[in-house]
Amino acid sequence: MVAVAIVGLVPRISRGHKLHEESVNLRDETPLVSVVVLSRTANNADLALPSNIQAIEQTTINARTSGYLAERLVDIGSQVTKGQLLAVVESPELDQQLSQTAAEATKAQAGLGSALADSAKQLAAISAAKADESRTEAGRSQAQADVAHLRAKELQAKSAVNVARSRETELVKRHAAALADLNRANSGLTLAAKTLARWKELEKAEAVAGQDVEEKQAAFESAQAVVESAEATVSSSQAAVEAAHADVQAALNEVAAAEADVQSGVGRVRAADATINSSKANVVAVRAGYRATRSGVASAAATISSDQANVRRVQALQSFERITAPFSGVITARNVDTGDLVNSITGGNGASDQGNAVTRTGLFGLARTDVLRAQINVPEDSAAMVHEGQSTEITVDEYPHRIFTGTVLHVSGALDTASRTLLVEVRVPNSDGALKPGMYSKITFLHSRGAKVLWLPANALIFNSGGTRVGVVTEAGMLHYATVKLGRDLGDRIEILGGLVGNERIVSNPDDSLAEGVKVRAVQEATS
């Protein structure tokens, strides 16, 4: 029994060793990769930068109309609303110019009325010319119908000629046959006469019987009757031929008359065509006159439009005599007083000084201060720490114990190549008016202190056409490439803003030759 057990056990042990060797060989062929895990740290890094506070809206109010300042209704510090009257400028020259342009527009309107009347006359003339053309075309149509009828009669007459000629030809043939029959009958009569004479001589000599002579006499008389009948037939056929020839001549006369009628009808059609061409030429001429009148109308309308536009322009300039606030805010500067001479070029080119709410040009300075803004140039190495919607804290020297809050509203999409900075705009609520445009401030960009930040060793990143990715070893031991979003770069490690949860095993120093989904053996390297 022991021997039998040993004999059965040995093959099993041999197969077990063989399977173990194949497993070791297969494991040795699986790629070996070093993996790291992401580290988490508290987000306590805030960025503080200096800035100047500016009004959300500010402008220099300039005069658009030259004249004298007749009335000033506001001063510095005055709170105004949109559309509120700030000052009044008197410009008598502008009022006179408006009266003149209005008179010119009225004159142009009268000219348009005259041009429209001329155009209406030409349009009526076109209608009359078209009516004449229509009547002429109707006459030509009737003439063409008459010609068609006459051509039909001509064809009928020609057909009658052909019939008459055919009948004449047939009768001529019959007459010729009758003449031939007459010739044969005459020949028979001559033969019968000679025969009868010979037989009568023989009868005198009593060489033939009297009965035979009587028979020859009967034959002679019969031949005479045949000749007389043939002569009658020839006379009848001759008369028939002559009658047929007369019919042919009559038919030819009818054809000639029909052809003459057709030529007369064609002449009437040609005369109608000439009349139509004349009518069409008249229509073209009248239309040309109409187009000329329409050009006059268009010219008069253009003159009216130009004059009316000039009236509106002067009216607009006149409306600028009333200087109003373009938006609600506070008057930050007043550079004129009642009686001053102002003109449309006061304040240089009229542009607002965006860096200073207290303008020294124009008539007034106006700023909206219920909401303020601050523009900050963020250095390149800190640009990744700023994003739209981010909370900020604002401090100013005037209020050392008060912290104002704001929000990042705009982030420039590119860095300034000269300063290597990113322009960022922060909006600051200022309902109590504590902050003033022009104040020097410090802006602190806040991060979420309660959240943890994920960090990844820089040597785990892959940059290629597929984007910024990392190699992740799954629970099944497969390699998966995940796309990640990067944050701050601290040299040896980089902040991960998205794409990873935090518990993944990340391949360190990944090999580009490893394909997606390949089986790998992961070896823990270190925790960053």
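Cut-offs used in this document
- The residue count restarts for each chain, going from 1 along the sequence in the order it is written.
- In keeping with the predicted nature of the model, local features appear solely for residues at pLDDT of at least 70, side-chain atom pairs appear and are counted solely at 80 or more, and the whole-chain, interface and lining totals rest on all residues.
- Side-chain measures were taken over the full set of non-hydrogen atoms in the model, leaving aside hydrogen atoms and water.
- Secondary structure elements follow DSSP: runs of H or I no shorter than four residues count as helices, runs of E no shorter than two count as strands, and numbering proceeds from the N terminus.
- Remark: exposure states derive from per-residue accessible area (1.4 Å probe, protein chains only) relative to the maximum for the residue type, with buried under 20%, exposed over 50%, and partly exposed in between.
- Contact between two residues is taken to exist if any of their heavy atoms lie within 4.5 Å; hydrogens are not considered.
- Note on definitions: salt bridges are taken to be side-chain nitrogens of Lys or Arg within 4 Å of carboxyl oxygens of Asp or Glu.
- Side-chain atoms within 4.5 Å link the members of a nonpolar core, which is a set of buried Ala, Val, Leu, Ile, Met, Phe, Trp, Tyr and Cys residues.
- Here, any two strands with at least 2 DSSP bridges between them count as paired.
- As used in this structure description, the phrase polar contact means that two N or O atoms lie within 3.5 Å; if the pair is within protein, one of them must be able to donate a hydrogen and the other to accept it, and residues adjacent in sequence are counted only when both atoms belong to side chains.
- The predictor's confidence in any single residue is recorded as pLDDT, a number from 0 to 100.
- Pairing of aromatic rings covers Phe, Tyr and the six-membered ring of Trp, with a centre-to-centre limit of 6.5 Å; geometry is then stacked below 30 degrees between planes, edge-to-face above 60, and tilted otherwise.
- Between N-to-C directions, angles span 0 to 180 degrees; the directions come from axes that are lines fitted to C-alpha atoms, helices contributing only their stretch in contact.
- Angles are sorted into four bins: roughly parallel if under 35 degrees, roughly antiparallel if over 145, roughly perpendicular if 65 to 115, and oblique for all others.
- Each residue gets one of three labels, nonpolar for Ala, Val, Leu, Ile, Met, Phe, Trp, Tyr, Cys and Pro, charged for Asp, Glu, Lys and Arg, and polar for the others, Gly among them.

**Student:** An account of the overall build of the protein chain is needed here, citing residue identities and associated values.
**Tutor:** In terms of regular secondary structure, the protein chain is built from three helices and 22 strands. Among the 528 residues that make up the protein chain, the fraction classed as buried is 34%. Of the contacts formed within the protein chain by residues at least 6 apart in sequence, a portion of 80% connects residues at least 24 apart.

**Student:** Give a description of the pattern of salt bridges that names residues and reports values.
**Tutor:** Scanning the model with the defined rule gives 16 salt bridges in all. Taking the shortest distance from any N to any O, the salt bridge between Lys 158 and Glu 259 comes out at 3.7 Å. One end of the pair, Lys 158, is in helix H2 (residues 92-204); the other, Glu 259, is in helix H3 (residues 210-319), and 101 residues separate them in sequence. Linked by salt bridges that have partners in common, Arg 72, Asp 75, Arg 334 and Asp 337 make up one network.

**Student:** How would you summarise unusual backbone geometry if you had to cite specific residues and measurements?
**Tutor:** Even without a glycine there, the phi angle at Arg 420 is positive, about 55°. Inspection of the secondary structure assignment puts Arg 420 in the loop between strand E12 (399-416) and strand E13 (421-429). Its relative accessible area of 45% is what places Arg 420 among the partly exposed residues. Phi at Asn 509 is positive, roughly 50°, even though this residue is not glycine. Note that Asn 509 resides in the loop between strand E21 (505-507) and strand E22 (521-527).

**Student:** Can you tell me about the nonpolar core, naming the residues and giving the values?
**Tutor:** Judged by nonpolar contacts, the single largest core of 23 residues is most densely connected at Ile 376, Val 378, Leu 435 and Phe 445. Mapped onto this core, the elements with two or more residues apiece are strand E3 (47-61), strand E10 (364-379), strand E11 (391-396), E12, E13 and strand E14 (440-445). Excluding residues that lie within four positions of it along the chain, Phe 445 makes contacts with Asp 46, Leu 47, Leu 49, Ile 376, Val 378, Val 386, Gln 390, Ser 391, Thr 392, Val 408, Val 424 and Val 426. Residues Leu 86, Ala 87, Val 89 and Ala 325 belong to the second largest nonpolar core, which totals 17 residues.

**Student:** Talk me through the sheet that holds strand E9 (residues 341-342); I want residue IDs and the actual numbers.
**Tutor:** With antiparallel pairing, the four strands of this open sheet are ordered in space as E7-E6-E4-E9. Each end of this open sheet is capped by a strand with a single partner; those strands are strand E7 (322-324) and E9. Across four bridges, the pairing between strand E4 (residues 67-72) and strand E6 (residues 85-90) is antiparallel. Note that in E6 the partner of Tyr 68 across the bridge is Glu 90.

**Student:** So, the pairing of strand E8 (residues 329-334): which residues are in play, and what are the values?
**Tutor:** Across the six residues that make up E8, a large majority, five, are buried. Bridge analysis of strand E5 (residues 79-80) against E8 gives two bridges, and the strand direction is antiparallel. In the sheet register, Val 80 faces E8, and the bridge partner there is Gly 329.

**Student:** Go over the side chain of Glu 504, please, and point to the residues and values.
**Tutor:** By secondary structure assignment, the location of Glu 504 is in the loop between strand E20 (493-498) and E21. A residue is classified by how much of its surface remains accessible, and Glu 504, at 14% relative accessible area, is buried. Engagement of the side chain of Glu 504 in a polar contact is seen with the backbone nitrogen of Val 501, the distance being 2.7 Å. Separated by 2.8 Å, the side chain of Glu 504 and the backbone nitrogen of Gly 502 make a polar contact. Those residues in contact with Glu 504 that sit more than four places away from it in its chain are Val 36, Val 37, Leu 38 and Val 472.

**Student:** Tell me about the pairing of E6, and please be specific about residues and values.
**Tutor:** Counting buried positions along E6 gives five out of six residues, so the element sits mostly inside the fold. Alignment of E6 against E7, held across three bridges, turns out to be antiparallel. Bridge pairing in E7 places Ala 87 opposite Ile 323.

**Student:** Please give an account of the confidence of the model for the protein chain that cites residues and values.
**Tutor:** For the protein chain, the average pLDDT comes to 83, and 90% of its residues sit at 70 or higher. Looking over the protein chain, one finds the lowest element-wise mean pLDDT in helix H1 (residues 2-29), namely 47, and the highest in E13, namely 95. Confidence drops under a pLDDT of 50 for residues 1-11, and excluding neighbours within four residues, the segment shows zero contacts in the predicted structure. Segment residues 22-27 is flagged for pLDDT under 50; beyond a separation of four residues in sequence, or across chains, it makes one contact in the model.

**Student:** Account for the packing of aromatic side chains, naming residues and giving values.
**Tutor:** Enumeration according to the criterion identifies one aromatic pair in this entry. Aromatic side chains Tyr 399 and Phe 404 sit 5.9 Å apart centroid to centroid with 75° between the ring planes, which places their arrangement in the edge-to-face category. Under the relative-accessibility criterion, Phe 404 is labelled buried at 5%.

**Student:** Tell me about the environment of Val 241, and name the residues and values.
**Tutor:** If you trace the backbone, Val 241 turns up in helix H3. For Val 241, a relative accessible area of 13% corresponds to the buried category. Sequence separation between Val 241 and Leu 171 is 70 residues; the distance between their C-alpha atoms is 5.4 Å. Look past the residues within four positions of Val 241 in its chain and what remains in contact with it is Glu 168, Leu 171, Val 172 and His 175.

**Student:** Pulling in residues and values, what's your account of the environment of Asp 381?
**Tutor:** When you line up the elements, Asp 381 lands in the loop between E10 and E11. For the pair Asp 381 and Leu 422, spaced 41 residues apart in the sequence, the C-alpha separation amounts to 9.9 Å.

**Student:** Which residues make up the environment of Asn 509, and what are the values?
**Tutor:** Taking the relative accessible area as the measure of exposure, Asn 509 reaches 52% and is therefore exposed. It is 8.7 Å that separates the C-alpha atoms of Asn 509 and Ile 462, two residues lying 47 residues apart in sequence. When residues no more than four places from it in sequence are discounted, the contact partners of Asn 509 are Asn 459 and Ala 460.

**Student:** Can you tell me about the packing of H2 against H3, naming the residues and giving the values?
**Tutor:** Orientation of H2 relative to H3, taken along the N-to-C sense of each, is 175°, at an axis distance of 2 Å. When the axis of H2 is compared with that of H3, the two are roughly antiparallel. Across the contact of H2 with H3, the residue classes break down as 61 nonpolar, 31 polar and 33 charged.

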